[in-house]
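One-letter residues, chain by chain:
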Amino acid sequence: MNSQQEQHFSNFEALLALWAGAYQCAVVSYVGLKTSQGQRLLFGRVLLEPTRVGVSDTTFSFETEHVIAARFISGATPTDIKSLLAKARNGEIPTVDGATNLSIQADGNLSTNFSPIHHPFVSEGPRLPSLRVSGTSKHSLIVSVADSQSLDWELKAAEIPFDNLDELLCQCNLSTQVQTGDSTILEIVARSPVMIAGASTITGSEAAIECHLADALDVGKLRLGLKVFHKDSVDRKSVSGSAFDWRQEGDIKAGTYRISVGDASLLQAFVSYAGVSHHQWWVTDPQKRLNPRHAIHQVFDEDLELLRRMLLKPETDKPYVFENAVATLLYLLGFSVSNYGRIPKLQKGPDIIAISPAGHVGVVECTVGLLDENDKLAKLVQRAKL
């Protein structure tokens, strides 16, 4: 590696050192190919997790004549992470049996990219520092083994069959080929060890802000910043983690800070650890109607009882009612919605297109029958690509 590439690794290590010991496990996932020069990595990821809650311990291992893939749980102590990074410097990722490494290095040239705030495909949410190592082109690796169509048909004949390479990547919780770009890639992604919980809320004149912190970390190094929005002013303050009421929840610490906010129905919260910001979140009073769409809908459907019934107890002989209810729900949540499924001449398109305020596009199919009835999933994927 050249000095710039080495600096990317050093910067990533320096950031993780600020919350050393925070991680409970590492989720290792990869898809690789068997070449004449040995096993080569197509796409692999090591995801550092500060909690095991919601993380599946089930190991997945897959192999055919030309393809290998796996997802398994590994250790994430500071020593384990140091070892993972040492392998990554050579473009290597450990395999499920631990006996060999998969490498993306084909001609000795690697490129690196360090994203200190978010993964390149993520634009918001908790801090998600990511280190990416890129090797030879994905196309060059695939054609050195077989053409893409032949590999897809090889996967169909496997003991555990997959329709194509993208399905196998998704099975390993990895991005599809289009999403990963043109290069073979190894990435190490570190989830934030501290974040503001969605249960935070304002009730009456009091706000309760809940934060989750990795068990090994010091609550005294946590800081919560607040912006409280009143009718004619904004109050700003911050408090140390020592001002929270802390409790143990499984393998994390959960803390609650309570503050009087008067008549405010909205505040913005920022949480940091050791001087590094990790997450921002909006906290509202659910009893005060901040969303005018929601308020208008309640004039006709108080407490959303009708909408709830349409969504949770749909009439199987009237699927369009369920579809309308989904569109209404998306509208109330702030999306701009077009319900193409109710326009006869456009019914070959998706049921609903929903566009978020940030400009992200959701392609939605609705069904009250089997999930993949009439190839709905395949059609959804195709329509999303279009």
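Residues numbered from 1 in each chain as written. Predicted model: local features only at pLDDT ≥ 70, side-chain atom pairs only at ≥ 80, totals over all residues. Heavy atoms only, no water.

**Student:** Residues and numbers for the environment of Ala 158, please.
**Tutor:** Positionally, Ala 158 belongs in the loop between α4 (148–156) and α5 (165–171). Its relative accessible area of 14% is what places Ala 158 among the buried residues. For the pair formed by Ala 158 and Val 283, sequence separation is 125 residues and the distance between their alpha carbons is 49 Å. The residues contacting Ala 158, other than those within four sequence positions of it, are Phe 62 and Thr 64. (Helix = DSSP H or I, 4+ residues; strand = E, 2+ residues; numbered from the N terminus. Buried < 20%, exposed > 50% of the residue type's maximum accessible area, 1.4 Å probe, protein only. Contact = heavy atoms within 4.5 Å.)

**Student:** Would you mind going over the side chain of Ser 192 in detail, with residue names and values included?
**Tutor:** By the secondary structure assignment, Ser 192 is in the loop between β9 (183–190) and β10 (194–196). With a relative accessible area of 9%, Ser 192 lands in the buried category. There is a polar contact of 2.9 Å between the side chain of Ser 192 and the side chain of His 278. Contact partners of Ser 192, with chain neighbours within four places excluded, come to Pro 50, Pro 126, Arg 127 and His 278. (Polar contact = N/O pair within 3.5 Å; in protein donor to acceptor, adjacent residues only side chain to side chain.)

**Student:** Let's hear about the pattern of salt bridges: which residues, and what values?
**Tutor:** Using the criterion set out here, one finds 12 salt bridges in the structure. The partner of Arg 258 in a salt bridge is Glu 206, and the shortest N-O contact between them spans 3.6 Å. Residue Arg 258 is found in strand β16 (residues 252–260), and its partner Glu 206 is found in strand β12 (residues 206–214); the two are separated by 52 residues along the sequence. A salt bridge links Arg 247 to Glu 249; its shortest N-O distance comes to 2.9 Å. Salt bridges linked by common partners bring Glu 6, Glu 13 and Arg 89 together as one network. (Salt bridge = Lys/Arg side-chain N within 4 Å of Asp/Glu carboxyl O.)

**Student:** Kindly report on the side chain of Thr 184, identifying the contributing residues and their values.
**Tutor:** On the secondary structure map, Thr 184 appears in strand β9. A relative accessible area of 0% places Thr 184 in the buried class. Of note is the side chain of Thr 184, whose polar atom sits 2.8 Å from the backbone oxygen of Thr 136. When residues no more than four places from it in sequence are discounted, the contact partners of Thr 184 are Leu 41, Leu 42, Ile 104, Val 133, Ser 134, Gly 135, Thr 136, Ser 137, Lys 138 and Leu 141.

Without other data, these values stay purely geometric and don't point to any function.
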